[in-house]
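# Architecture and fold: a report
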Amino acid sequence: MLTPGEVAALFRVDPKTVTRWAKAGKLTSVRTLGGHRRYREAEVRDLLGGGPRA
């Protein structure tokens, strides 16, 4: 699971952009017990075109 900051670094965008993508349904997020968003690494890698990482 990746934080918004980690996803933002991979896409070279601001973390707020990643949150907007999640709200728009472009990226699936999971909420932690504390209410923070986390993103599945496999889905992020697929969007980047890298596919699953071994």
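The rules behind each value
- Residues numbered from 1 in each chain as written.
- Predicted model: local features only at pLDDT ≥ 70, side-chain atom pairs only at ≥ 80, totals over all residues.
- Heavy atoms only, no water.
- Salt bridge = Lys/Arg side-chain N within 4 Å of Asp/Glu carboxyl O.
- Helix = DSSP H or I, 4+ residues; strand = E, 2+ residues; numbered from the N terminus.
- Buried < 20%, exposed > 50% of the residue type's maximum accessible area, 1.4 Å probe, protein only.
- Patch = residues over 30% accessible without salt bridge, like charges linked within 9 Å, V, L, I, M, F, W, Y side chains within 5 Å.
- Areas by Shrake-Rupley, 256 points an atom, 1.4 Å probe, with all protein chains shown as cover.
- Lys, Arg positive; Asp, Glu negative; His and termini not counted.
- Charge placed at Lys NZ, Arg CZ, Asp CG, Glu CD.
- Phe/Tyr/Trp six-rings, centres within 6.5 Å; stacked < 30°, edge-to-face > 60°.

## Structural notes on the pattern of salt bridges
What the rule picks out here adds up to one salt bridge. For Arg45, the salt bridge goes to Glu41, with nearest N and O atoms at 3.4 Å. Of this pair, Arg45 and Glu41 both sit in helix α3 (residues 41–48), separated by four residues, roughly a single helical turn. Among the residues examined, Arg45 registers a relative accessible area of 18% and is labelled buried.

## Digging into a positive patch on the surface
The grouping of Lys16, Arg20, Lys23 and Arg31 at the surface amounts to a positive patch. With three residues, helix α2 (residues 15–24) is the largest single contributor of residues to the positive patch. Within the fold, Arg20 resides in helix α2. With a relative accessible area of 52%, Arg20 lands in the exposed category.

## Here's the deal with the packing of aromatic side chains
Ring pairs (aromatic) are described by centroid distance and by the angle formed between their planes. Under the criterion given, the structure shown has one aromatic pair. Summarising the aromatic geometry, the rings of Phe11 and Trp21 are spaced 5.2 Å apart at their centres and angled 80° between planes, so their arrangement reads as edge-to-face. Of the two residues, Phe11 is situated in helix α1 (residues 4–11) and Trp21 in helix α2; the sequence distance between them amounts to ten residues. Judged by relative accessible area, which is 23%, Phe11 ranks as partly exposed.

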